Amino acid sequence: MTVNHYDAIVIGGGHNGLVAAAYLARAGKKVVVLERREIVGGAAVTEEIIPGFKFTEFSYVVSLLRPEIIRELELPKHGLKILPLPSTFAPMDNGDYLGLWDDPDLTRRELYRHSPLDAEAYDAYSRAMGRAAKAIKPLISLIPPDPSSLHPRDLMGLLKLGQYAAGLSEKELYMIAKLVTQSAGDMLEEWFETDVLLGTKAASGVVGTLLGPRSAGTAYVLLHHYMGEIDGAFRAWGFAKGGTGGVSGAIANAALALGAEIRVGSSVAQVIVKKGRAAGVALDNGDELQSKVVFSAADPKRTFLQFVDPKYFPDEFIQSIKNFRTLGSSGKLNLALSELPDFTALPGEGPLHRGAISISPSLDYIERAYDEAKYGQFSRRPFIDMIIPSAIDPDMAPPGQHVASCFIQYAPYDLEGGWDDAKKEAFAETVISTLEIYAPNIRRTIVGKQVITPVDIERIAGITGGNIFHGEMLLNQIFFLRPVAGWADFRTPLRGYYLAASGAHPGGGVMGAAGKLSVQEALKDGLL
Amino acid sequence: MIQLLHTPFHERTELLCQPKNWRRWAGYLVAGSYEMSLDREYWAIRNTAALIDVSPLMKYLITGVDAALLLNRVVTRDIDKLQVGQVYYTGWCDEDGKMIDDGTLSRLDETTYRLTSAEPSLRWLTMNAVGLELEITEITDSMAALSLQGPNSSSVLNRCCDNPVDEIKYFRLMHNELDGIPISISRTGYTGDLGYEIWIDAKDALPVWDALIAAGHDFGILPVGILAMDMARVEAGLFMIESDYTSSDHAWIKAQQSSPFELGLGWTVNLDKPGYFVGRPALAREQREGSTWKLMGLEVEWDGLEALFKDVGLPPQILSMAIRASLPVRSGKKQIGYVSTATWSPLLKKYIALAHLQKPYFEPGTNLRMEVTVQHHRQYAPARVVTLPFYEPEWKKR
């Protein structure tokens, strides 16, 4: 039985769980990761669903993976390669297109075709967002202090926060205040007039939320995308070799090398509580594992409502977790293709295939797509963010053939009448017929497909509600309010039980930050 | 398909550019040099006539009854004093009195001005023109520009233009014709020598190039790239945005910004002009209180430099082109500034640099030390602070 005694158990082998395990092992702790599926990665997995074609099934780009994690866990040594994903191509309804290339001059010239003023505003906007991101970024690696608490730890935190805010210029403070309150649409319209540019930018403000670009608070999500921009050469924006599973694989390798144990096919039934403290877990197969502390890298609902008997938590806490918004709003269509999609607006193989392809012709297009989702329908003309992994990393598909990863919004979890196979097929058809408008050859090139709805995200990756961020990144759900006010420091009302995933600060986006920071905090508690 | 632009002269320049060392300039390709070595091109600027393609300059036409109002609001100079046919060199600032960009401003007629800039400026101009009666037209692509620099440049133009250019005074312009093609010629440039800039409708670019090359044959005309121009402009004490100063639009932190006073452009800040202009309160304060930084010239003392190299058994190794790099400048052991561009001056036979120096070290004659790399080791060579420009021939303004 000694083999089942650990210092720490991590529930869930997603990237955050693996990061937590790696840091625990690095601190000299005996740690095991328990993954329900037969492969690690959670929502950061790559699977060969169709022979020869590797799908980066759920998350598909890396943008915010913390540079310090890459450094400290020596991820490049363990196989991490982040390949460039340099451009965004957005075909338009009139047959034209907008190309945001990786060179500022080329991008300015391209935008100039659409609007000379936008061409210059784009640069100014990027710089303004970069400055705001630089101003707000220190918060990511800060443990959010509880503003209502008199605990010395929180007071210290508030003091640090105050000092930090005092270091910001007036302009930066105003910009941040606007960013956290405004809608993405309103904010973007202060800068731009070109429909397709507004649409493409606005789309990134609504990713992972069941809100439209006109909904207040969505501007903040735009800022989130600029966080990675300021890490300079160290920034981790791109496509991971092997898909996002490549990220998980590298972290898992690092964790194993540091001495962590990973058990796949180990589904956790319940957290064992002894003397008011998390003391281990019971698996579905009846096995019990003991430990000094338990980390949950599952979503907050699963963590607090399923793994632990609610009697160990205050009612108010349970209520808040129940109210935590985890509405999945997006789906995926992963395609195996016999050849590259050929876009009428810019025919032939070209740089566009190596970057993001965004179906987002206008702000209204996105808002209209949201209108349908608001009332329980998937969008008939959805926002689609397509990348072609095989054009970046040829090992993703058989030579000469391709895989395409289409992120689709909106596809509400609570579809009217529920999701079934017929609806999934109709959803896929909607996406294909939308793509067909811009790349007419796409339908005949499809040799296989995988449709993923929020219900599938929940079923396969185990994320309640299928929300890609484990809970929307809205102002009322970030920083000291994530996941619940007063419990934003990865601790929970159950002693020795820690939340270590995207439902905790600083949120989603394959950052790994929660995994690392939760360990950092837990090590201070003297239980390990 | 997706590529950098060609200037209207590309058909000629691509055949002439032997080293194929294309440089990027505002989204265009321009020749770094036409020959394998910069020597002849540099000496064309200083001894004969150099023909330089400067088409990528951003160019704007500002027309209307309120044009002067806008420009007075944006730039630091007094536009009411700018006469028709006159050209100003000017910078423009943000609200904090920090430089956004610099360029030339020509008054073409009573209500028409042409502004050149290094960075895109349409948005800034438009933002400042709210409610004004005027039109701003970007002519960057539709107007080609050639810079003809050097002591023989007037002779070249006199041979091929309908009207002699001798009457154009320094920083004035004239309309002229060349083989029936209307052109505008300003006595301006970026070399500190006698020189002209020729403004041409892009469609007429090639015949004008050909006519100038033909007319210049007997006067030693040479197509010259921007690398040789870079050496000449340092001698002339002229700075370059993004090399010698950071536009306040691009700065991440305040320390990266510069005011016109700090760049030695105090003479272009007309605080005596009436009314508000962008940055005025901050500039007035700085003028009152004095600046803590100043752009000055730095001349490396050859004996000291030679000694450093002699220690490792080498004669002084100086790159024969301008180096756009930040080099620390010290007084004793303390860093009190930095060099932003350094060059060997073939004419002065000196190693010179544009240096940003802190008070009180910017006084002419101050002895400082500038970083040089000697056989992979960082050393400090003695250098002396001098006023800019390093070189100003008597024919520049005559």
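Residues numbered from 1 in each chain as written. Chains lettered and ligands numbered in written order. Predicted model: local features only at pLDDT ≥ 70, side-chain atom pairs only at ≥ 80, totals over all residues. Heavy atoms only, no water.

## Topic: the pairing of strand 4 (residues 53-56) of chain A
Residues and elements named next belong to chain A.
Logical step 1: Here strand 3 (residues 46-50) runs beside strand 4; their pairing, made up of 3 bridges, is antiparallel. Pairing of Ile-50 across the sheet is with Phe-53, part of strand 4.
Logical step 2: Counting the residues that bridge the hairpin from strand 3 to strand 4 gives 2 residues, and of these Gly-52 lies at a positive phi of roughly 90°. (Pairing = 2+ DSSP bridges. Helix = DSSP H or I, 4+ residues; strand = E, 2+ residues; numbered from the N terminus.)

## Topic: the interface of chain A and chain B
Logical step 1: With 22 residues of chain A at the contact, the number on the chain B side is 26 residues.
Logical step 2: In total, chain A and chain B occlude about 1,900 Å² of area from one another, counting both sides; carbon and sulfur atoms represent 56% of this.
Logical step 3: The interface formed by chain A and chain B holds 3 salt bridges in total.
Logical step 4: A salt bridge links Asp105(A) to Arg24(B), with the nearest nitrogen and oxygen atoms 3.2 Å apart.
Logical step 5: Summed over the shared surface of chain A and chain B, the number is 12 residue pairs in polar contact (both at pLDDT 80 or more). (Contact = heavy atoms within 4.5 Å. Buried area = accessible area lost by both parts, 1.4 Å probe. Salt bridge = Lys/Arg side-chain N within 4 Å of Asp/Glu carboxyl O. Polar contact = N/O pair within 3.5 Å; in protein donor to acceptor, adjacent residues only side chain to side chain.)

## A word on the sheet that holds strand 8 (residues 112-117) of chain B
Residues and elements named next belong to chain B.
Logical step 1: Here we have 5 strands laid out as an open sheet, ordered 6-7-8-5-9, and antiparallel in their pairing. With one partner strand each, in any of the chains shown, strand 6 (87-93) and strand 9 (135-138) form the two edges of the open sheet. Averaged over neighbouring strand pairs, the angle between their axes works out to 25° when direction is ignored.
Logical step 2: The sheet contact formed by strand 5 (residues 58-63) and strand 9 spans 4 bridges and is antiparallel. Bridge pairing links Leu-61 to Thr-137 in strand 9. (Axes fitted to C-alpha atoms, helices over the stretch in contact; angles between N-to-C directions.)

## A short note on the sheet that holds strand 19 (residues 367-374) of chain B
Residues and elements named next belong to chain B.
Logical step 1: Within the closed barrel, the 6 strands sit side by side as 15-18-17-16-19-20. Their pairing is antiparallel. In this sheet, adjacent strand axes meet at a mean angle of 40° when their direction is disregarded.
Logical step 2: With 7 bridges connecting them, strand 15 (residues 293-300) and strand 18 (residues 350-358) associate as antiparallel partners. Note that in strand 18 the partner of Met-296 across the bridge is Ala-355.
Logical step 3: Where helix 9 (residues 302-310) meets the sheet, it contacts strand 15, strand 17 (334-345), strand 18, strand 19 and strand 20 (377-386), and its direction lies at approximately 175° from that of strand 20.

## A few points about the nonpolar core
Logical step 1: In this structure, Met129(A), Leu223(A), Leu333(A) and Met386(A) are the most contacted members of the largest nonpolar core, which totals 110 residues.
Logical step 2: Here the element with the most residues in this core is helix 4 (residues 116-136) of chain A; it accounts for 10 residues.
Logical step 3: If we skip the residues at most four places from it in the chain, Met129(A) touches Met175(A), Leu179(A), Met187(A), Leu222(A), Leu223(A) and Tyr226(A).
Logical step 4: Residues Tyr88(B), Leu125(B), Val224(B) and Leu227(B) belong to the second largest nonpolar core, which totals 45 residues. (Core = buried A, V, L, I, M, F, W, Y, C linked by side-chain atoms within 4.5 Å. Buried < 20%, exposed > 50% of the residue type's maximum accessible area, 1.4 Å probe, protein only.)

## Observations regarding the packing of aromatic side chains
Logical step 1: Taken as a whole and judged by the stated rule, the model has 25 aromatic pairs over all chains.
Logical step 2: Ring plane angle 35° and centroid distance 5.5 Å describe the contact between Phe89(A) and Tyr97(A), whose orientation is recorded as tilted. For the pair shown, Phe89(A) and Tyr97(A) are each scored as buried.
Logical step 3: Pairing Phe383(A) with Phe407(A) gives two aromatic rings, centres 6.4 Å apart and planes at 65°, and the pair type is edge-to-face. In this pair, Phe383(A) is assigned in strand 15 (residues 383-387) and Phe407(A) in strand 16 (residues 402-409), connecting sequence segments 24 residues apart.
Logical step 4: Three or more aromatic residues link up through ring pairs in this structure, and these residues are Phe304(A), Phe313(A), Phe317(A), Trp487(A) and Tyr497(A).
Logical step 5: Arg109(A) extends its terminal NZ or CZ atom over the ring of Tyr112(A), reaching a point 5.8 Å from the ring centre.
Logical step 6: Looking at Lys273(B), its charged tip hangs above the ring of Phe277(B), at a distance of 4.5 Å from the centre. (Phe/Tyr/Trp six-rings, centres within 6.5 Å; stacked < 30°, edge-to-face > 60°. Lys NZ or Arg CZ within 6 Å of the ring centre and 35° of its normal.)

## A look at the pattern of salt bridges
Logical step 1: Within the structure shown, the criterion is met by 53 salt bridges over all chains.
Logical step 2: Of the charged contacts, one joins Glu74(A) and Lys77(A) as a salt bridge, the two residues approaching to 3.5 Å between their closest N and O atoms.
Logical step 3: On the basis of relative accessible area, Lys77(A) is assigned to the exposed category, the value being 62%.
Logical step 4: Here Arg324(B) makes a salt bridge to Asp230(B), at a shortest N to O gap of 2.8 Å.

## What about the environment of Cys406(A)?
Logical step 1: Secondary-structure assignment places Cys406(A) in strand 16.
Logical step 2: Measuring from C-alpha to C-alpha, the distance between Cys406(A) and Ile457(A) comes to 15 Å, with 51 residues separating the pair along the chain.

## Observations concerning the environment of Lys524(A)
Residues and elements named next belong to chain A.
Logical step 1: Summarising the element assignment, Lys-524 is placed in the segment after helix 18 (513-522).
Logical step 2: Judged by relative accessible area, which is 55%, Lys-524 ranks as exposed.
Logical step 3: Through-space distance from the C-alpha of Lys-524 to that of Val-264 is 29 Å; in sequence the pair is 260 residues apart.
Logical step 4: Within the structure, Lys-524 has its side chain in polar contact with the side chain of Glu-521 (distance 2.5 Å).

## A few points about the side chain of Glu286(B)
All names here are of chain B.
Logical step 1: For Glu-286, the position within the fold is in helix 8 (residues 280-289).
Logical step 2: Buried within the structure, Glu-286 lacks any salt-bridge partner; Lys-98 is the closest side chain of opposite charge, at an N-O distance of 4.6 Å.
Logical step 3: Looking at Glu-286, its side chain comes within polar contact range of the side chain of Ser-291, at 2.7 Å. (Lys, Arg positive; Asp, Glu negative; His and termini not counted.)

## Here we look at the domain arrangement of chain B
All names here are of chain B.
Logical step 1: Along its sequence, chain B is organised into domain 1 (5-57 + 140-224), domain 2 (59-139 + 259-289) and domain 3 (293-386).
Logical step 2: Between the C-alpha centres of domain 1 and domain 3 there is a distance of 32 Å.
Logical step 3: Together, the buried faces of domain 1 and domain 3 total about 380 Å²; carbon and sulfur atoms form 74% of this surface.
Logical step 4: On the domain 1 side of the contact with domain 3, Leu-38, Tyr-42 and Trp-43 bury the most area, a combined 78% of that side's loss.
Logical step 5: The interface formed by domain 1 and domain 3 contains 1 residue pair in polar contact (both at pLDDT 80 or more). (Domains from an automatic or database assignment.)

## Here we look at the packing of helix 4 of chain A against helix 6 (residues 170-181) of chain A
All names here are of chain A.
Logical step 1: Relative orientation of the contacting elements helix 4 and helix 6 amounts to 90°, with a least axis distance of 10 Å. Relative to helix 6, the element helix 4 is oriented roughly perpendicular. Side by side, helix 4 and helix 6 meet where Ala-128, Met-129, Arg-131, Ala-132, Ala-135 and Ile-136 of the first sit next to Glu-172, Met-175, Ile-176 and Leu-179 of the second. (Parallel < 35°, antiparallel > 145°, perpendicular 65-115°, else oblique.)

## What to know about the side chain of Ser362(A)
All names here are of chain A.
Logical step 1: Within the fold, Ser-362 resides in the loop between strand 14 (356-359) and helix 13 (363-374).
Logical step 2: At 3.0 Å, the side chain of Ser-362 and the backbone nitrogen of Tyr-365 are in polar contact.
Logical step 3: Apart from residues no more than four positions distant in its own chain, Ser-362 is found in contact with Asp-195 and Gly-199.

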